[in-house]
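Here is how the chains run, residue by residue.
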Amino acid sequence: MSKKALSPEDLKKQNEKRLKEIKKWEKEQAKPKKKFYFAYLVLIISLIYATDEIASQIGMLMKAEIANDLLANFGKSSVGVLDIISALVVPFQALGLVYRPLADRWGRKKFLLINTFGMSFALLVIYLSNNVPMYFVGAILVQFFIPHDMHVVYIMESSPHQHRARVYSSIKFFANMGVLVIPILRRLLMANASEWRNVYLIPAIIGIVTSLVALLSARETDAFIDSRLAHLHKTPEDLRLEKERKAVENAQGGLIPALKFALKHKQLRWLYITTAMTNLGFIGTINYQVIMTYGYAQNEMGKGFFADVSPEVLNSVSLGPITAAIFMFPIGSAVAQVIMGFISDSKGRKASAITMASICLAGFIGFTIGANLNWNPYVVGALCGMFIGGFYSTNDVLIMMIGESAPTNLRSSCMSAQFIVTGVGVVISYIVGLPLMTIFGNQVTGIVSFCLLVPGFIAALITLYKRTHDTRGIDLDTVTGAEWD
């Protein structure tokens, strides 16, 4: 059935709306950038990125305490039960697959502000929670807002291409160092492990203030304005012909067009496959604090992996070696991630992804063994940071390569579609890992994580080496995605 033709009045209203939007973006485009605007933008994005990193890591760095407090009735299986509850967040994360591509239509700045405020408000909800349902609401909000990484899009579209990875990794380094707030607050505000909520308040306030600063100081990216104006200046006949040729189906973004586009082009297709492989061990990245906690606790009790650990030992370990280890965690993570940018710009994105995946593997094996052998907690914390820094840097390079392999009109959508393939790896990780952890207890978290993460990263290293191509130096304004077919 053919679509009903618009009346002259409707066409007039549609055209008036289009002209109004053109005028708005042309006005924005004409605004002169103040002196040192880029340096100022880097500062604002750094603060936002730090907020994002704190919101991303705080739940993991407090996980054993949260599980044993909120789910004390489940005893040794509390972490597995908490992960099962957390898995219920996934359907709400799926809403983000529809939400993020809207930035290709309405602009980057709106979503930068919404995401920053949203994740900060979520931390405030968790601070106020005194039961599992309220904690669950806060967790839903956190997991909805943190994956969208609009600050990463800002960096990519606002940085000179020859320094893009260096700028990104420097900002990432600052953001990771911001995570030091968590162990500092643990030491200042936690006299007992059950007082974990206190650590959430200060990061929530920092994030809300940062979102207000960004509202007043950041402007829309030039790349988005240019792309949006180019689309709006097309005549109805141009758009009709494009639709008939299927050249730019849903030209201003969309999840389905992005997936179809990626499946047609080898580079994006293999980058998506690699992303799925790196996330097979995802369960280890959300339980690294649990792995450390029970490693030290088992060592202190001198018992095997399947023995119960007393609450007294867990409290002692939480306030002692774990808090000490967490002080080194952001440093190890920051160092690992800053390396990524310099390798990306000097040796290429592909070399950087391979290097970071190797660091991830070495860090994971090192901190797991170290906790169980009672190594110095500062060394274990640094190795744990290297593991997490390597893991997320690998995925950061992959998403950067995806962004640099996609045209501007589908860039944010292609980056958003990556979360579908990420979800494939995560779902497998949950399906395999959670039943084992729930049956055998928190103590086996390290073994389960090892059996998932190590094979996944080895497979990812193989596909990176054999199937993907470097994207260093790509012109984001002219890339089509078909360069490597």
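Draft legend 1. Broad picture of the nonpolar core. Among the nonpolar cores identified, the biggest contains 125 residues, and Tyr288, Phe367 and Cys414 are the most heavily contacted of them. Every residue in contact with Tyr288, bar those within four places of it in the chain, is listed here: Gln57, Met60, Leu61, Phe329, Phe367, Cys384, Phe387 and Ile388. Ranked by size, the runner-up nonpolar core spans six residues in total, among them Ile22, Phe224, Ile225 and Leu232.

Draft legend 2. Here's a closer look at the packing of helix α2 (residues 37–61) against helix α12 (residues 198–217). At a minimum axis separation of 10 Å, α2 and α12 run at an interaxial angle of 150°. With respect to α12, the element α2 is oriented roughly antiparallel. In this structure, α2 meets α12 at a crossing whose hand is left-handed. On α12, the residues that touch Tyr37, Tyr40, Ile44, Leu47, Ile48, Thr51, Ile54, Ile58 and Gly59 of α2 are Val199, Tyr200, Pro203, Gly207, Thr210, Val213, Ala214 and Ser217. Within the contact of α2 with α12, the residues separate by chemical class into twelve nonpolar, five polar and no charged.

Draft legend 3. Main features of α12. Over its 20 residues, α12 runs 31 Å from end to end, which matches the ideal 28 Å to within 8%, given 1.5 Å per residue. Val199, Tyr200, Pro203, Ala204, Gly207, Thr210, Ser211, Ala214 and Ser217 are the residues of α12 that are buried. In a view along the axis of α12, the buried residues occupy a sector of 165°, so they form one face of it. Next to the buried residues of α12 lie α2, α3 (63–70), α7 (108–128) and α11 (181–189).

Draft legend 4. Local environment of the environment of Ser412. Its place among the elements puts Ser412 in helix α22 (residues 408–440). Among the residues examined, Ser412 registers a relative accessible area of 1% and is labelled buried. As for Ser412 and Gly207, which are separated by 205 residues in sequence, their C-alpha atoms are 23 Å apart. Beyond its immediate sequence surroundings of up to four residues, Ser412 is in contact with Arg100, Ala103, Asp104, Arg108 and Met150.

Draft legend 5. Layout of a nonpolar patch on the surface. The grouping of Tyr40, Leu43, Leu47, Phe174, Ile184, Leu188, Leu189, Ile202, Ile205, Ile206, Val209 and Val213 at the surface amounts to a nonpolar patch, some 990 Å² of accessible area in total. Mapped onto the nonpolar patch, the elements with two or more residues apiece are α2, α11 and α12. Within the secondary structure, Leu189 sits in helix α11. Here Leu189 falls in the partly exposed class, since its relative accessible area comes to 33%.

Draft legend 6. Expanded view of the pattern of salt bridges. Under the definition given, this model contains five salt bridges. Lys63 is the salt-bridge partner of Asp83, the closest N and O atoms lying 2.3 Å from each other. Placement of Asp83 in helix α4 (residues 78–87) and of Lys63 in helix α3 is noted, with a sequence separation of 20 residues between them. The exposure classification of Asp83 matches that of Lys63, with both residues buried. With a closest N to O distance of 4.0 Å, Arg472 and Asp470 form a salt bridge. Taking the relative accessible area as the measure of exposure, Asp470 reaches 29% and is therefore partly exposed.

Draft legend 7. How the structure looks around the side chain of Thr471. Relative to the elements of secondary structure, Thr471 occurs in the segment after α23 (445–467). A polar side-chain atom of Thr471 sits 2.7 Å from a polar atom in the side chain of Glu404. Ignoring sequence-local partners within four residues, the contact set of Thr471 consists of Gln267, Arg349, Met401, Glu404, Ser405 and Trp484.

Draft legend 8. Structural view of the packing of helix α20 (residues 349–372) against α23. Interhelical geometry of α20 versus α23 gives an angle of 160° and a closest axis separation of 10 Å. Between α20 and α23, the interaxial angle falls into the category roughly antiparallel. Our pair here, α20 against α23, has a crossing hand that is left-handed. Residues Lys350, Ala353, Ile354, Ala357, Ser358, Cys360, Leu361, Phe364 and Ile365 of α20 pack against Gly446, Ser449, Phe450, Leu453, Val454, Phe457, Ile458, Leu461, Leu464 and Tyr465 of α23. Considered class by class, the residues forming the contact of α20 with α23 number 15 nonpolar, three polar and one charged.

Draft legend 9. Molecular detail of the confidence of the model for the protein. Taken residue by residue, the protein gives an average pLDDT of 82. The fraction at 70 or more is 90%. Counting interchain partners and residues more than four positions distant, the pLDDT-below-50 stretch residues 246–250 has six contacts.

Draft legend 10. Representation of the environment of Asp222. Relative to the helices and strands, Asp222 is located in helix α13 (residues 222–232). Each C-alpha atom, one on Asp222 and one on Gln29, is 7.2 Å from the other, the two residues being 193 residues apart in sequence.

Draft legend 11. Representation of unusual backbone geometry. Here Asn374, not a glycine, exhibits a phi torsion of approximately 60°, which is positive. Structurally, the position occupied by Asn374 is in the loop between α20 and α21 (377–404).

Calculation rules
Residues numbered from 1 in each chain as written. Predicted model: local features only at pLDDT ≥ 70, side-chain atom pairs only at ≥ 80, totals over all residues. Heavy atoms only, no water. Core = buried A, V, L, I, M, F, W, Y, C linked by side-chain atoms within 4.5 Å. Buried < 20%, exposed > 50% of the residue type's maximum accessible area, 1.4 Å probe, protein only. Contact = heavy atoms within 4.5 Å. Axes fitted to C-alpha atoms, helices over the stretch in contact; angles between N-to-C directions. Helix = DSSP H or I, 4+ residues; strand = E, 2+ residues; numbered from the N terminus. Parallel < 35°, antiparallel > 145°, perpendicular 65-115°, else oblique. Left-handed = near helix turned anticlockwise from the far one by under 90°. Nonpolar A, V, L, I, M, F, W, Y, C, P; charged D, E, K, R; others polar. Expected span 1.5 Å × (residues − 1). Arc of directions from axis to C-beta. Patch = residues over 30% accessible without salt bridge, like charges linked within 9 Å, V, L, I, M, F, W, Y side chains within 5 Å. Areas by Shrake-Rupley, 256 points an atom, 1.4 Å probe, with all protein chains shown as cover. Salt bridge = Lys/Arg side-chain N within 4 Å of Asp/Glu carboxyl O. Polar contact = N/O pair within 3.5 Å; in protein donor to acceptor, adjacent residues only side chain to side chain. pLDDT = per-residue confidence, 0-100.

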